[in-house]
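Each chain, letter by letter, is given below.
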Amino acid sequence: MEIESSAASTQPSSSSGSGTNGSLLQVRGLSKSFPAERGGLLGRPTAWLSAVDDVDLDIAAGETLALVGESGCGKSTLARMIMRLIPATAGTVDFAGLDVLNADRQELLRYRQQAQMIFQDPYGSLDPRMNVDAIIAEGLARQGLNKAKRRSRVRQLLDVVELSADVADRYPHEFSGGQRQRISIARALAVNPTFIVADEPVSALDVSVQSTMLNFLHDLQDRFGLTYLFISHDMSVVRHVADRVAVMYLGKIVETAPVEELFGNPLHPYTQALLSSVPTVSREGPSERIVLEGDVPSAIDPPEACRFTGRCFRVIDSCRAAVPPLEDSAGTSHHHVACFNYEALPRGRSGTQGNHS
Amino acid sequence: MTAYVLRRFVYAIFLLFIASLFVFYGLRVAPGDVTDYIRTVTSGQEFGETLREQLGLNEPLPAQYFVFVKNYLSGDPGNSIITGAPITEILKDSGVNTVKLGASAIIIVYLLAIPLGLFAAWRRNSPQDQTIRFLAVLGMGVPNFFLAILLIQLFAVKLGWFPVAGPGGLRHLVLPAVVLALESLAINIRLMRSSVLEEAAKDYMRTLRAKGLRQRRIMWAHALRNSLVPVVAFAGIVIPLILGYTLIVEVIFRFQGIGFQLVESIQNRDYALAQSLALLFTAVVIFSNFLADIGHQLLDPRVRERTVAR
Amino acid sequence: MATRPADVHTGGAALAASGAEGRLRDAFVLLWANKVALLGLVLTILFLLIGMAGIVILLHPGLHHLWEDQNLRAVLVTPGSEGHLLGTDNFGRDLLWRIVAATGLSALMAVGVTAFVIVVGLVMGSVAGFFGGRADTGITGLIDLTWGFPLLLVAVIFAGMVGKGLNAVVAAAAVILWAGFARIIRAQVKTLREREFVEAARMLGTPAWKILVRHMWPNVLGTVLVMASYYVAITIIVEAGFSFIGLGVQPPTPSLGGIIAEGRNFWSVSIWPSVIPGATIALIVLGLNSLGDGLRDIFDPRLRRF
Amino acid sequence: MEDGRTLQEQAGPPQREPPVSGEPLVVESLTTEIRRRRGSFAAVDNVSFSVRGSEILGLVGESGCGKTLTALSIMRLLPEAARITSGRVLLGGRDLRGLREADMRGIRGKDVAMVFQEPMTSLDPSFTIGMQLIETIRAHGAGTKREARDRSIEMLENVGIPRAATRLDDYPYQYSGGMRQRVMLALALLLEPAVLIADEPTTALDVTIQAQILDLILQLRDEHGMSVILITHDLGVVHEIADRVAVMYASEIVETATAGEIFRKPQHPYTQGLLRSLPELARRGTPLPVIEGRVPELGALPASCRFGPRCPNRITRCDDEHPTLERANGDRELRCFNPTEFELRLGH
């Protein structure tokens, strides 16, 4: 826990300066397991899927924390627990002093005025039987606006997301993926949130639409001073938007660092492999890839020790004996690795080499 | 898998218990027991009382239920009050008859529905397909008792090919089995057809074509195998449907199965017999549902995938 | 059910139909294009109109003479005879009016039972699927208990319990059919619950009941319409069969099954008293099924009868 | 692997000179139309390209640009609503369009094979992996049951399935996504086709698994010497393994060149825009460059240049005429009236 409080003081984002003391969101020991298999006469669970295991996370006001990992690593489950869409098995979530997981109805409603979520699937995130006006107005329901005021607020929100006001009475199926994402964003913005969880918000979009959307999300952050938890599997997107990055593997956070530090000097073997696996247009040839052996194992009854042992190229005995804690890497207080045997890559082998400042 | 079968079996026993409670209390507490009926026939108050005594109808209900179950399990549920025939005999004879009839109908259904549905899907929108579909819609629309009297008039009365009614050999079985099968046959043809078409639209079908397989092999090996899964799953609905209709069809054909006997005994308020028949009928239903369930599990290689929740 | 982006764009073809996702108005356009379903709709409307007339003449004592009056000098008259468009039965009662009255009885019973089944099934299924947990366990247990049993068997046992008549079959239909419908709704609500637009609504603090009413129910409306047309058909067939074997509606009250059964005894003289009501049932059921099939093709091709 | 089994392999390293064995697959002016309620549209419009011996050709474009339909046209596996209306598909000099269905069937899976995007659903769930491999060999009459089985095991080992002899009897659900895509590759290569069409073979996979599959494709190409058409929207993937690249936009090819040329000196404004909008190339903290506007609808394509309305280089001629695909310098083909030199800045 102590380690994490130091992480909390990691420098906040450049875009919007909020205090360095304490973070907006603090996650401690958050875990979730699902019954994975049922058996016996009564159909009791006989195996558990440990989707998220003992995760600590801090997000400072105004920053963008990117949570990256491959499919099934638990990043969406983590986000949904933070938003209290699904109950957590263990742990706490603290949002600006509010104990989110134990909040009562009123507190929860207040939390949801401040924290909102944007989803991946632009087709599933809008009710097909509601028109745009009704979709956006749903977020206004609790603000006690009269009809005329609500209408003008919807128009205003449509303007914010750069859609024309006359789309208000149209239905979701009449829009493209990018436009639908804008409508979901307008719905989320309706309650004037300060914190937004964006769960793979651009991964269903084409490259050219994706860049427009990323720019747009960045503008919103500037305009409204938003804090983002940005979930993605796309390393190049993360590199462009994030201030800090947390890498997840099979339900655990294995490494966190400021974005340049993480891309420039990845320490965890998994992060190293992940970065080197990303196909890029800027690296010469595939020769530098670290190709991991084997498949991502299932999170059903995972090993008690390090979860990466099965695929790791730097495994030592202690990896099979205990869970490596997420600790400061040598010399820095803001780069944490959960590995007993990490080693920096030689210069020039560190993943993508973009022209980042 | 074994655990699953066991679990289903225990559940089936539990269902049977609930059903027996329902059947017992339902038909015992029913307004007017058999003594009322006999009283109206014989008009003897005293006789009625003795009869009640004899039949144990004055005992408290839980005790009566206990006796009922004990008699049933020991293989001696008593005699029919109306005819005096031992109930075990009636159960045995009618049970065999109904199982014969039901099994014939089920065989007709699947023997015809699977190839016809597959054929209709294969030749989608051809005249043959349209004919099959039209007949299927018709088969679902015409009530089977109406169909029964039409068939009796045509094949039994006019043409004399089959007997009009009664239990007996294979010839007696033909008309009732066909009538019983027809609606389920229609449903299953449609189900099979849509199931094949659903399979045909799946990604792996494109792989099969890209491999250079013949259309015939794709349909009769791959599409058939996969579209059977929902059809077998649906057996859990079709079998109770067929069994339920034996109640009507057996009455029309005076085919002395469980259905016929049950309707008779209810008409006669012969509740001891009715209870036993209803319970036997329920047991047959529960058991066939159990079989259909297991069959479905066996057919689908992805069974274990589904028991893993995720 | 959600069309994933990848599917929509495959090969630029965008061949995937928008299916259930469109607006209700689109559904009617699609229905209009499906001629068989349209015929089903017409037959169904006709059935409901005749049914309403039938209910009037059944309930209004002053009109009972239409279907009650015997005329022993004109028994088993063939259809098309003067004064009797569909002929008469063995008591010389007018078949047309008897069938209208019987259709009224069928319609009243079937629509009533269906309405009950749909409401109970919708509520139970929604509660089980939406809230999960103990409510789900309880309701699912109740569903499993009832839904595998043949409707007719239960009706016959009920007839033993409460006596012959419409009550037994109505009660049996109510007890059995809701479970099948609740099963379907439960599954759909469970799927809908996982949909992101429902999560978004929860995020916005929309109360549970409002999510059910605003987001769930409009999205299962198609299923409700499809299954309702099937259930009306099933109930009509079962009631007719039940009355046919003498356990249902008792004479002299006219019922379609009863008329067929009576007419059957005089088949050698005239086939019409049983053929006409038989054909009536067939037409009603055909109409309802075709309508249901058409609606199913529009809303959810995966729904099945029952 | 062991011997120099093919001419192509001896022909040299991946940076290839003019191919030795000619062009196994040539597509000439291929047009495929889709019937919709409001009429027919060319979803593949006058598309021409060729694949050289043991070359990997990347066919890139955004969703809906017609790249998958191009592949399905070559295989003649089009959905019902689509139909090839003109053009030729020459496989080893033979026009596939003119073949009877029975003959085409003999070619699919034997001379040209295809791998699809969704490994989870592309195998029949009710048949074992072995049955699905063996039936392919048997369908082409290429061996007895025994031989087919041995060949299948060999091929599974070849694509990196451990314990292939036992795993042959497993069902698809017992394989992970990455493993299934390996099986798909084994299936495609069983009969040593001259051309392999891979349609988004790694899109559904995680990056670490994607890296494995891309390596496998490269390895198999080197071993078997087949030509590969790799269809993808991911420029990174193309850059990693393709030798040449064809870029599609709104049903047509707009630019073709060697991979080096495309990524270092793209000339078509669309190619340039696509590359520039990649987040990995953008400067942090600055907005990503975007291509303004939207892809035109199939039914509403401009008669002039299809990219014209979105193009920063537009000149008056672009509004009046439809540009044709012309051979430009060297190995490049280009559909543009006003190409500009553009050098992608890498590193810094």
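Rules behind the numbers
Residues numbered from 1 in each chain as written. Chains lettered and ligands numbered in written order. Predicted model: local features only at pLDDT ≥ 70, side-chain atom pairs only at ≥ 80, totals over all residues. Heavy atoms only, no water. Helix = DSSP H or I, 4+ residues; strand = E, 2+ residues; numbered from the N terminus. Rg over C-alpha atoms; globule rule 2.2 N^0.38 Å. Buried < 20%, exposed > 50% of the residue type's maximum accessible area, 1.4 Å probe, protein only. Contact = heavy atoms within 4.5 Å. Areas by Shrake-Rupley, 256 points an atom, 1.4 Å probe, with all protein chains shown as cover. Axes fitted to C-alpha atoms, helices over the stretch in contact; angles between N-to-C directions. Parallel < 35°, antiparallel > 145°, perpendicular 65-115°, else oblique. Left-handed = near helix turned anticlockwise from the far one by under 90°. Nonpolar A, V, L, I, M, F, W, Y, C, P; charged D, E, K, R; others polar. Patch = residues over 30% accessible without salt bridge, like charges linked within 9 Å, V, L, I, M, F, W, Y side chains within 5 Å. Salt bridge = Lys/Arg side-chain N within 4 Å of Asp/Glu carboxyl O. Phe/Tyr/Trp six-rings, centres within 6.5 Å; stacked < 30°, edge-to-face > 60°. Lys NZ or Arg CZ within 6 Å of the ring centre and 35° of its normal. Pairing = 2+ DSSP bridges. Buried area = accessible area lost by both parts, 1.4 Å probe. Polar contact = N/O pair within 3.5 Å; in protein donor to acceptor, adjacent residues only side chain to side chain. Expected span 1.5 Å × (residues − 1). Domains from an automatic or database assignment.

> Any chance you could explain the overall build of chain D here in plain terms?
When helices and strands are tallied, chain D shows twelve helices and twelve strands. Taking 20 Å as the expected radius of gyration for a compact globule of 348 residues, we find that chain D reaches 21 Å, a close match to that expectation. With the C-alpha coordinates of chain D rotated into their principal frame, the extents come out at 65 × 50 × 40 Å. Burial status across chain D gives 59% buried among its 348 residues. In chain D, the share of contacts with a sequence separation of at least 24, taken over all contacts with a separation of at least 6, comes to 66%. A total accessible area of about 13600 Å² is found for chain D, and carbon and sulfur atoms account for 48% of it.

> Would you mind showing me how to read the side chain of Arg 98 of chain C here?
For Arg 98 of chain C, the position within the fold is in helix H5 (residues 95-131). With residues near it in sequence (within four places) discarded, Arg 98 of chain C still touches Trp 67, Asp 89, Arg 93, Pro 252, Pro 254, Ile 259 and Glu 262 of chain C.

> Hey, could you run me through the packing of helix H10 (residues 208-244) of chain C against helix H11 (residues 256-264) of chain C in this one?
Residue and element names in this part refer to chain C. In the contact formed by H10 and H11, the axes pass within 7 Å of each other and the chain directions differ by 40°. Comparing their axes, H11 and H10 come out oblique. Read as a crossing pair, H10 and H11 show a hand that is right-handed. Contact residues: H10 offers Ala 240, Ser 243 and Phe 244, while H11 offers Gly 257, Gly 258, Ile 260, Ala 261 and Arg 264. Here the residues of the contact of H10 with H11 are counted per class, giving four nonpolar, three polar and one charged.

> Which parts of the structure should I look at to understand a nonpolar patch on the surface?
Residue and element names in this part refer to chain C. A contiguous nonpolar surface patch, about 440 Å² in accessible area, is contributed by Ile 45, Leu 48, Leu 49, Met 52 and Val 111. The element that contributes the greatest number of residues to the nonpolar patch is helix H3 (residues 35-59), accounting for four residues. Along the chain, the position of Leu 48 falls in helix H3.

> Whenever I open this one, the packing of aromatic side chains confuses me. Can you help?
By convention here, two paired aromatic rings are described through the distance between centres and the angle between planes. The tally for this structure, following the rule as stated, stands at 21 aromatic pairs over all chains. Between Phe 9 of chain B and Phe 290 of chain B the ring centres are 5.7 Å apart and the planes differ by 65°, which places this aromatic pair in the edge-to-face class. You can see Phe 9 of chain B sitting in helix H1 (residues 2-29) and its partner Phe 290 of chain B sitting in helix H12 (residues 271-299), a full 281 residues away along the chain. Since its relative accessible area comes to 41%, Phe 9 of chain B is described here as partly exposed. Through successive ring pairs, a cluster of aromatic residues spans Phe 95, Tyr 111 and Phe 195 of chain A. The lysine or arginine in question, Arg 182 of chain A, covers the ring of Phe 216 of chain A, its NZ or CZ lying 4.6 Å from the ring centre.

> What is the right way to read the sheet that holds strand E12 (residues 336-337) of chain A from this model?
Where strands meet in a sheet, backbone hydrogen bonds hold them as pairs that are either parallel or antiparallel. Residue and element names in this part refer to chain A. One open sheet accounts for eight strands, arranged E6-E7-E8-E3-E9-E10-E12-E11; its pairing is mixed. The open sheet has two free edges, formed respectively by strand E6 (115-118) and strand E11 (327-328), since each of these has just one partner strand. Relative to strand E8 (residues 227-232), strand E7 (residues 195-199) is paired through five bridges, and the arrangement is parallel. Looking across to E8, one finds that Ala 198 is bridged to Phe 230. In the packing of helix H3 (residues 105-114) onto the sheet, contacts are made with E6 and E7, and the angle to E6 comes to roughly 55°.

> Mind showing me how you'd approach the pattern of salt bridges here?
Opposite charge on two side chains lets them pair, provided their charged atoms get close. The full count for this structure, using the stated rule, is 46 salt bridges over all chains. With its nearest N and O atoms 3.7 Å apart, the salt bridge here joins Asp 133 of chain A to Arg 151 of chain A. Linking Asp 133 of chain A in helix H4 (residues 132-137) with Arg 151 of chain A in helix H5 (residues 147-160), this pair joins segments that are 18 residues apart in sequence. Across the pair Arg 193 of chain B and Asp 129 of chain B runs a salt bridge whose closest N-O atoms are separated by 2.9 Å. One end of the pair, Arg 193 of chain B, is in helix H8 (residues 170-200); the other, Asp 129 of chain B, is in helix H6 (residues 127-141), and 64 residues separate them in sequence. The class for Arg 193 of chain B is buried, based on a relative accessible area of 12%. Residue Asp 129 of chain B is classed as buried on the basis of its relative accessible area of 0%. Counted as one network, the salt bridges with shared partners bring together Glu 23, Arg 52, Arg 327, Asp 331 and Glu 333 of chain D.

> I'm lost on the interface of chain B and chain C in this one. Help?
When the parts of a complex come together, some accessible area is lost, and that lost area is often taken as the interface size. Tallying the contact residues gives 50 residues for chain B and 44 residues for chain C. Summed over both sides, the interface of chain B with chain C buries roughly 4000 Å², with 76% coming from carbon and sulfur. Its largest share of buried area at the contact with chain C, chain B owes to Phe 145, Phe 146 and Ile 149 of chain B, together 14% of the area lost on that side. Where Arg 190 of chain B meets Asp 293 of chain C, a salt bridge forms, and the shortest distance between an N and an O atom there is 2.8 Å. At the junction of chain B with chain C, the criterion picks out three residue pairs in polar contact (both at pLDDT 80 or more). Within the residue set of the side of chain B that touches chain C, elements represented by two or more residues are H1, H6, helix H7 (144-158), H8, helix H10 (215-252), helix H11 (258-267) and H12 of chain B. Considering every element that reaches the side of chain B that touches chain C, the biggest residue donor is H10 of chain B, with eleven residues. Of the residues belonging to the side of chain B that touches chain C, the class tally is 39 nonpolar, eight polar and three charged.

> What exactly am I supposed to notice about the packing of H10 of chain B against helix H7 (residues 151-162) of chain C here?
Two packed helices can be described by the angle between their axes and the distance between those axes. With their axes 6 Å apart at the nearest point, H10 of chain B and H7 of chain C run at an angle of 55° to one another. As summarised for this structure, H10 of chain B and H7 of chain C are arranged oblique, according to the angle between their axes. Judged by residue contacts, Gly 244, Tyr 245, Leu 247 and Ile 248 of chain B of H10 of chain B engage Leu 152, Leu 153 and Val 156 of chain C from H7 of chain C. Looking at the contact of H10 of chain B with H7 of chain C, its residues break down into six nonpolar, one polar and no charged.

> Just checking my understanding: could you explain the sheet that holds strand E2 (residues 39-51) of chain D for this structure?
Residues and elements named next belong to chain D. Across the sheet, four strands lie side by side as E2-E1-E4-E5; this open sheet has antiparallel pairing. A strand with exactly one partner marks an edge of an open sheet, and here the two such strands are E2 and strand E5 (94-95). When strand E4 (residues 82-91) meets E5, the two strands line up antiparallel, connected through two bridges. Within E5, the position partnered with Leu 90 by the bridge is Asp 95.

> What's the story with helix H8 (residues 207-224) of chain D in this structure? I'm lost.
At 3.6 residues per turn, the α-helix brings residues three or four places apart onto the same side. All names here are of chain D. Spanning 18 residues, H8 covers 25 Å between terminal C-alpha atoms, matching the ideal 26 Å at 1.5 Å per step. Counting buried positions along H8 yields 15 of 18 residues, so the element is predominantly enclosed. Where H8 terminates, the next one or two residues include Gly 225, which has phi positive at roughly 65°.

> How should the interface of chain A and chain D be read in this particular structure?
Tallying the contact residues gives 45 residues for chain A and 46 residues for chain D. Carbon and sulfur atoms supply 49% of the area that chain A and chain D bury against each other, a total of about 3800 Å² over both sides. Taken together, chain A and chain D are joined by zero salt bridges. Applying the counting criterion to the chain A and chain D interface returns eleven residue pairs in polar contact (both at pLDDT 80 or more). Every element with two or more residues in the side of chain A that touches chain D is listed here: helix H7 (207-224), helix H8 (235-241), helix H9 (259-264) and helix H10 (269-277) of chain A. With seven residues, the top contributor of residues to the side of chain A that touches chain D is H7 of chain A. By residue class, the composition of the side of chain A that touches chain D is 15 nonpolar, 19 polar and eleven charged.

> Can you walk me through helix H9 (residues 203-210) of chain B in this structure?
Within H9 of chain B the residues assigned to the buried category are Tyr 204, Met 205, Thr 207, Leu 208 and Ala 210 of chain B. On its buried face, H9 of chain B is in contact with H8 and H10 of chain B together with helix H2 (67-75), strand E6 (112-115), helix H4 (129-139) and helix H7 (177-189) of chain D. In the stretch just after H9 of chain B, Gly 212 of chain B is the one whose phi turns positive, near 90°.

> Would you mind going over the domain arrangement of chain D with me for this structure?
All names here are of chain D. When its domains are assigned, chain D resolves into domain 1 (7-242) and domain 2 (248-334). Taking the mean C-alpha position of each, domain 1 and domain 2 sit 27 Å from one another. Taken together, the 22 residues of domain 1 in the interface contact 19 residues of domain 2. At the boundary of domain 1 with domain 2, total buried surface from both sides reaches about 1700 Å², with 62% on carbon and sulfur atoms. The tally of links between domain 1 and domain 2 comes to two salt bridges. Here domain 1 and domain 2 share nine residue pairs in polar contact (both at pLDDT 80 or more) between them. Of the residues belonging to the side of domain 1 that touches domain 2, the class tally is twelve nonpolar, five polar and five charged.

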